[in-house]
Amino acid sequence: MYLTKEIKEQIFAKHGGAASNTGSSEGQIALFTHRINHLTEHLKRNRHDYNTERSLVRLVGKRRSHLDYLKHKDINRYREIIKELNIRK
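Definitions and limits used
- Residues numbered from 1 in each chain as written.
- Predicted model: local features only at pLDDT ≥ 70, side-chain atom pairs only at ≥ 80, totals over all residues.
- Heavy atoms only, no water.
- Salt bridge = Lys/Arg side-chain N within 4 Å of Asp/Glu carboxyl O.
- Helix = DSSP H or I, 4+ residues; strand = E, 2+ residues; numbered from the N terminus.
- Buried < 20%, exposed > 50% of the residue type's maximum accessible area, 1.4 Å probe, protein only.

1. A word on the pattern of salt bridges
Turning to step 1, where the next piece is worked out: Considering all chains together, one arrives at three salt bridges under this definition.
Turning to step 2, where the next piece is worked out: Between E26 and R77 there is a salt bridge; the shortest N-O distance is 2.5 Å. Placement of the pair is E26 in helix α2 (residues 25–45) and R77 in helix α4 (residues 75–85), with a sequence separation of 51 residues.
Turning to step 3, where the next piece is worked out: One salt bridge connects R64 with D68, and the closest N-O pair in it is separated by 3.3 Å. Placement of the pair is R64 and D68 together in helix α3 (residues 50–73), with a separation of four residues, close to one helical turn.
Turning to step 4, where the next piece is worked out: Residue class for R64 comes out partly exposed when judged on its relative accessible area of 30%.
Turning to step 5, where the next piece is worked out: Classification of D68 as partly exposed rests on a relative accessible area of 34%.

Take a look at the structure:
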């Protein structure tokens, strides 16, 4: 499995402030980004996997919603997470 408990804890510790802070917007955005990158690599090898393609589109939409929320809540945190994760606007 590409997303183990240890990897999740590292993502939330780095972006969410603490490993147990799984509800932070930054942590969730970082987790979605990790999953999106993994699915993108999978689709490069398996072009006709349409179920994965649909899942990828849904994840991108969820991440966009979280980014929009963070942008309205605190623009500085939004800019930091965009720069840190290399996400296009």
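We are not done yet, so read on.
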